[in-house]
Amino acid sequence: MRVTSIQLELRPETKAQTLERVLGELDRAVGSDLLLLPELWSCGYFSFNRYRDDSETLTGPLLSAIADKARLLRAHIFAGSLVECRGSDLFNTSVLLSPSGQILATYRKIHLFGFQSDERRLLTAGDHVTVVDTPWGRTGLTTCYDLRFPELYRRMLDQGASVFLVTSAWPQARLEAWRLFNRARAHENLAYLISCNCAGINNNVTLAGHSMVVDPLGAVVAEAGETGCQLSAEIDPQMVAQARHTFTAIHDRVPFLNPPLSHSSPT
C-alpha cells in the first residue's frame with residue numbers, strides 16, 4: 001500500500017487559508033491509500049492564543065472539508081489533530097477518516113505537553129487508548145509527546161496494533177529525540193510506524209519536519225527533510241506478521257510484567 005505524509009509548512013495565516021492549502025496538498029497526493037496530516041495544523045500547535053477561537057466539533061467545517069476529500073480521493077485520511085470543543089472542554093483530538101468520509105476512530109491526546117507549552121493548561125487530557133480495524137490491520141493512533149511513553153504503545157500492541165500513526169508538531173530543538181523515538185516505538189513493538197510532523201516556524205518555534213515511515217525492524221523506509229513536502233512510501237503490511245514470527249520478542253514478554261487491559265477504547 002502507498003502512504004503519504006503531508007509535512008505541512010506552517011505560515012502566519014488564517015485557518016481558512018491553511019485549510020485551502022491542505023486541500024490542495026491532498027489533491028496532489030492522488031493515488032495514495034493512506035494520507036496523514038500533522039498536529040493542530042489549522043492553527044499551529046504553539047499558537048495557544050488561537051485554541052479557543054479556532055476550536056470546532058467533530059462535525060464542524062474543517063473535518064467536513066477533509067471528509068469530502070477522502071471521498072473524492074477514495075483514500076483513508078488521518079486528518080492530523082484539531083482543537084476539539086466538547087461543551088466547555090477543549091481536547092487535542094486526532095481523527096481517522098474512511099474513503100467514504102466517515103469517522104473510523106478518534107483519539108484525544110493523553111499526554112499533554114507542559115514544557116514551555118500551555119497545552120496542559122488549556123486542554124483536557126484524553127483517557128482512552130485508540131486502536132481501530134483498517135484494511136491494512138489493527139492501527140493505533142497517537143500524538144506527538146505520546147512518543148515518549150512506550151507503555152502507551154505496549155497497550156496498543158496488546159489491543160492488536162500492527163501499525164502506529166503519529167501526528168505531531170515536534171520542535172527542531174529535539175530533532176534527534178524525534179528520530180530515536182520513531183524508530184524505537186516501531187522496532188520494540190515489531191510494528192510499522194508512520195509519522196507526520198509540521199515544518200516551518202510557529203510562534204517563534206522552529207518545527208523539526210522529518211516525518212518518517214519506519215518498518216517493523218526499525219529501518220527507516222522514508223524520511224523527509226525540514227521543509228514542507230509530501231513524503232510517500234510503499235509498505236507491506238504482511239511484513240509485521242513475518243517479523244513477529246521470525247523474531248519472537250513479542251511472544252517472549254513475561255506475563256506478570258504486563259497487567260491485563262482495564263478497558264477497551266472507543267472508536
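Before reading further, recall that the structure is shown in the block above.
Residues numbered from 1 in each chain as written. Predicted model: local features only at pLDDT ≥ 70, side-chain atom pairs only at ≥ 80, totals over all residues. Heavy atoms only, no water.

### A few points about the sheet that holds strand β12 (residues 205-206)
Next up, step 1: Spatially, β2-β11-β12 is the arrangement adopted by the three strands of the open sheet, whose pairing is mixed. Two strands bound the open sheet, and with one partner strand each, they are β2 (9-10) and β12.
Next up, step 2: For strand β11 (residues 199-202) and β12, the ladder comprises two bridges, and the chain directions are antiparallel. Across the sheet, the residue bridging to Ile-201 is Thr-206, located in β12. (Pairing = 2+ DSSP bridges. Helix = DSSP H or I, 4+ residues; strand = E, 2+ residues; numbered from the N terminus.)

### Quick look at the pairing of strand β10 (residues 192-196)
Next up, step 1: Counting buried positions along β10 gives five out of five residues, so the element sits mostly inside the fold.
Next up, step 2: Covered by surrounding structure in β10 are Tyr-192, Ile-194 and Cys-196 together with Leu-193 and Ser-195, the residues of both alternating faces.
Next up, step 3: Alignment of strand β9 (residues 163-167) against β10, held across five bridges, turns out to be parallel. By the bridge assignment for β10, Thr-167 is matched with Cys-196.
Next up, step 4: Note that the unit made of β9, helix α6 (residues 175-188) and β10 has a crossover that is right-handed.
Next up, step 5: The pairing of β10 with strand β13 (residues 212-214) spans two bridges and is classified as antiparallel. (Buried < 20%, exposed > 50% of the residue type's maximum accessible area, 1.4 Å probe, protein only. Right-handed = clockwise from strand over helix to strand, strands pointing away.)

### Focus on the sheet that holds strand β7 (residues 131-132)
Next up, step 1: If you walk across this open sheet you meet the six strands as β7-β8-β9-β10-β13-β14, and the pairing is mixed. Two strands close off the open sheet at either side, each with one partner strand: β7 and β14 (220-223).
Next up, step 2: By the bridge criterion, three bridges tie β13 to β14 in an arrangement that is antiparallel. Residue pairing in the sheet places Val-214 in a bridge with Val-220 of β14.
Next up, step 3: Along the sheet, helix α5 (residues 150-158) contacts β7, β8 (139-143), β9 and β10; its crossing angle with β8, the most-contacted strand, is approximately 160 degrees.
Next up, step 4: Most of the contacts of α6 go to β13, to which it runs at about 30 degrees, and overall it touches β9, β10, β13 and β14. (Contact = heavy atoms within 4.5 Å. Axes fitted to C-alpha atoms, helices over the stretch in contact; angles between N-to-C directions.)

### Let's talk about the packing of helix α1 (residues 15-28) against helix α3 (residues 61-73)
Next up, step 1: At a closest axis distance of 11 Å, the pairing of α1 and α3 adopts a crossing angle of 10 degrees. If you check the angle between α1 and α3, you find them roughly parallel. Each of Lys-15, Leu-19, Val-22, Leu-23, Leu-26 and Asp-27 in α1 lies in contact with α3, whose residues at this interface are Leu-62, Ala-65, Ile-66, Lys-69, Leu-72 and Leu-73.
Next up, step 2: For the contact of α1 with α3, the residue count by class is nine nonpolar, no polar and three charged. (Parallel < 35°, antiparallel > 145°, perpendicular 65-115°, else oblique. Nonpolar A, V, L, I, M, F, W, Y, C, P; charged D, E, K, R; others polar.)

### Here we look at the packing of aromatic side chains
Aromatic ring pairs are reported here in terms of the distance separating the ring centres and the angle at which the planes meet.
Next up, step 1: Under the counting rule described, the total for this entry stands at ten aromatic pairs.
Next up, step 2: Ring geometry for Phe-48 against Tyr-51: centres 5.5 Å apart, planes inclined by 70 degrees, an arrangement best described as edge-to-face.
Next up, step 3: What makes Tyr-51 buried here is its relative accessible area of 1%.
Next up, step 4: With 6.2 Å between their ring centres and 65 degrees between their planes, Trp-170 and Phe-181 make a pair best called edge-to-face. Of the two residues, Trp-170 sits in the loop between β9 and α6 while Phe-181 sits in helix α6, which places them eleven residues apart along the sequence. There is no split in this pair, since Trp-170 and Phe-181 are both buried.
Next up, step 5: Three or more aromatic residues joined by ring pairs make a cluster, and in this case those are Tyr-45, Phe-46, Phe-48 and Tyr-51. (Phe/Tyr/Trp six-rings, centres within 6.5 Å; stacked < 30°, edge-to-face > 60°.)

Interpretation in functional terms is not warranted from these geometric data alone.
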